[in-house]
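# Observations on the three-dimensional arrangement
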Amino acid sequence: MGDKVDGPAPSPQQARAQASAITSGGPATGAEAAPTSQLRALFDGPRLSPGQRRVAQYLIEHLTEAAFLSITELADRAGVSQPSVTRFASAVGFSGYPALRERLQSIALGTLAGPSEEDRANELQAAVDAEIQNLEHLRRDLADPDRVIRVGRELSRSTPLTVLGLRISGSLAEYFGYGARRIHPDVRLVTRGGSVACDALLQSREAGGTWVLAFAMPRHAQETLAALRVAREAGLKVALVTDLALDPLAEEADVTFATGTGSRLVFDSYAAPGLLAAALLQAMTDADPERTQARLEKYERVADQHQFFLRE
């Protein structure tokens, strides 16, 4: 969320393609894990103020440069005061900015170390290892399942239930919507932005809907932010599944589930968000087991009648 200060920056996909020799590597464990995952582990736990989120977002977007800035320079780049940077360091568990900068430098230097020939041959395995770490983070987050259970119950009660996912996030919304339609009587999928999304959200609220489940993976789209604001203004509550709870999207959500995305390849992968979507579907089925059973049995009869699937 900090201002860009070094001229036009390439898109994340372009940057990854240009830096494939840097980001590829062998199994990513411990200090070798993907930088984004390591920063998420540092920043996602505490509840950060808007100013602190600006610092965090700047560090995520400019790690290799920001890790070597003075506190004055970082405050200027992120558009906050020096005391805000100090408070941010304390909020994420460090004694002060010098200790935080030392940790950032160790992460940054890990990304700059050139891989061996053997490591380069294993860049796909490295991507898998990074996703395993994202799943480990999610596993720890689900040690207390109460929040997922509570949100699943609310989504189950919302009729209609709107599922929003624009641009690349549409694939996650499609997956969730496909499953939700089997167990919920009125699921409305929104995968187009602008006035189309606005119209769908307003109609959902007018029809009695109370919740929207939104998926927002990077790069975060302006039209997603606009849609969430329309939903909130209309009186809909928002449950958001995103990669980091550090951006303006989270400010428009009533509940945010932050899960890491795989960033080792040119295009991101979504093992953890996909599993979280499945967990929310499970929570919806458990919220109303009688309705779930009745709808699934009805669907199986229809599927058999029209031979939707191959015989096994």
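Keep in mind it's a predicted model, so treat the numbers as computed, not measured. (Residues numbered from 1 in each chain as written. Predicted model: local features only at pLDDT ≥ 70, side-chain atom pairs only at ≥ 80, totals over all residues. Heavy atoms only, no water.)

## Section: the pairing of strand S5 (residues 255–258)
- Residues Val255 and Phe257 of S5 are buried on one face, and the alternating residues Thr256 and Ala258, pointing to the opposite face, are buried as well.
- Bridging between strand S4 (residues 237–242) and S5 involves 4 bridges; their strand directions are parallel. Pairing of Thr242 across the sheet is with Ala258, part of S5. (Buried < 20%, exposed > 50% of the residue type's maximum accessible area, 1.4 Å probe, protein only. Helix = DSSP H or I, 4+ residues; strand = E, 2+ residues; numbered from the N terminus. Pairing = 2+ DSSP bridges.)

## A short note on the nonpolar core
- Ranked by internal contacts, the top residues of the largest apolar core, which has 28 residues, are Leu155, Phe176, Leu213, Phe215, Val241, Phe257 and Leu280.
- Of all the elements in the fold, those that place two or more residues in this core are helix H11 (146–157), strand S1 (161–165), helix H12 (170–183), strand S3 (211–216), S4, S5 and helix H16 (271–287).
- By residue number, the principal contributor to this core is H16, which donates 7 residues.
- Excluding its chain neighbours within four sequence positions, the residues that come into contact with Phe215 are Val163, Leu164, Gly165, Leu166, Ser169, Leu172, Ala173, Phe176, Val241 and Ala277.
- Counting 27 residues, the second-largest nonpolar core is a separate cluster that includes Leu42, Tyr58, Ala66 and Ile107. (Core = buried A, V, L, I, M, F, W, Y, C linked by side-chain atoms within 4.5 Å. Contact = heavy atoms within 4.5 Å.)

## Quick notes on the side chain of Glu252
- Examined against the element boundaries, Glu252 turns out to sit in the loop between helix H15 (248–251) and S5.
- Excluding residues that lie within four positions of it along the chain, Glu252 makes contacts with Leu225, Leu228, Arg229, Arg232 and Val238.

## Re the packing of aromatic side chains
- Tallying each qualifying case throughout the model produces 4 aromatic pairs.
- Ring centres of Phe176 and Phe215 lie 6.1 Å apart, and the angle between their planes is 55°; on these two criteria the pair is classed as tilted. Placement of the pair is Phe176 in helix H12 and Phe215 in strand S3, with a sequence separation of 39 residues.
- The buried category is assigned to Phe176, whose relative accessible area is 0%.
- Given the relative accessible area of 0%, Phe215 is considered buried.
- Taking the centre distance of 6.2 Å and the plane angle of 45° together, the rings of Tyr299 and Phe308 count as tilted.
- On the basis of relative accessible area, Tyr299 is assigned to the buried category, the value being 18%.
- On the basis of relative accessibility, which here comes to 44%, the residue Phe308 falls in the partly exposed class.
- Ring pairs connect the aromatic residues Tyr299, Phe308 and Phe309, which therefore count as one cluster. (Phe/Tyr/Trp six-rings, centres within 6.5 Å; stacked < 30°, edge-to-face > 60°.)

## Some words on the sheet that holds S4
- If you trace the 5 strands from one edge of the open sheet to the other, you get S2-S1-S3-S4-S5, paired in parallel fashion. Two strands close off the open sheet at either side, each with one partner strand: strand S2 (187–190) and S5. In this sheet, neighbouring strand axes are inclined to one another by 15° on average, regardless of whether the strands run parallel or antiparallel.
- Bridging between S3 and S4 involves 6 bridges; their strand directions are parallel. Directly across from Phe215, in S4, lies its bridge partner Val241. (Axes fitted to C-alpha atoms, helices over the stretch in contact; angles between N-to-C directions.)

## A few points about the side chain of Arg53
- Relative to the helices and strands, Arg53 is located in helix H4 (residues 50–61).
- At 2.9 Å, the side chain of Arg53 forms a polar contact with the backbone oxygen of Leu48. (Polar contact = N/O pair within 3.5 Å; in protein donor to acceptor, adjacent residues only side chain to side chain.)

## Focus: the environment of Asn134
- Along the chain, Asn134 falls in helix H10 (residues 123–141).
- Spatially, the C-alpha atom of Asn134 lies 7.6 Å from that of Gly262, the residues being 128 residues apart in sequence.
- For Asn134, the side chain forms a polar contact with the side chain of Glu131, separated by 2.9 Å.

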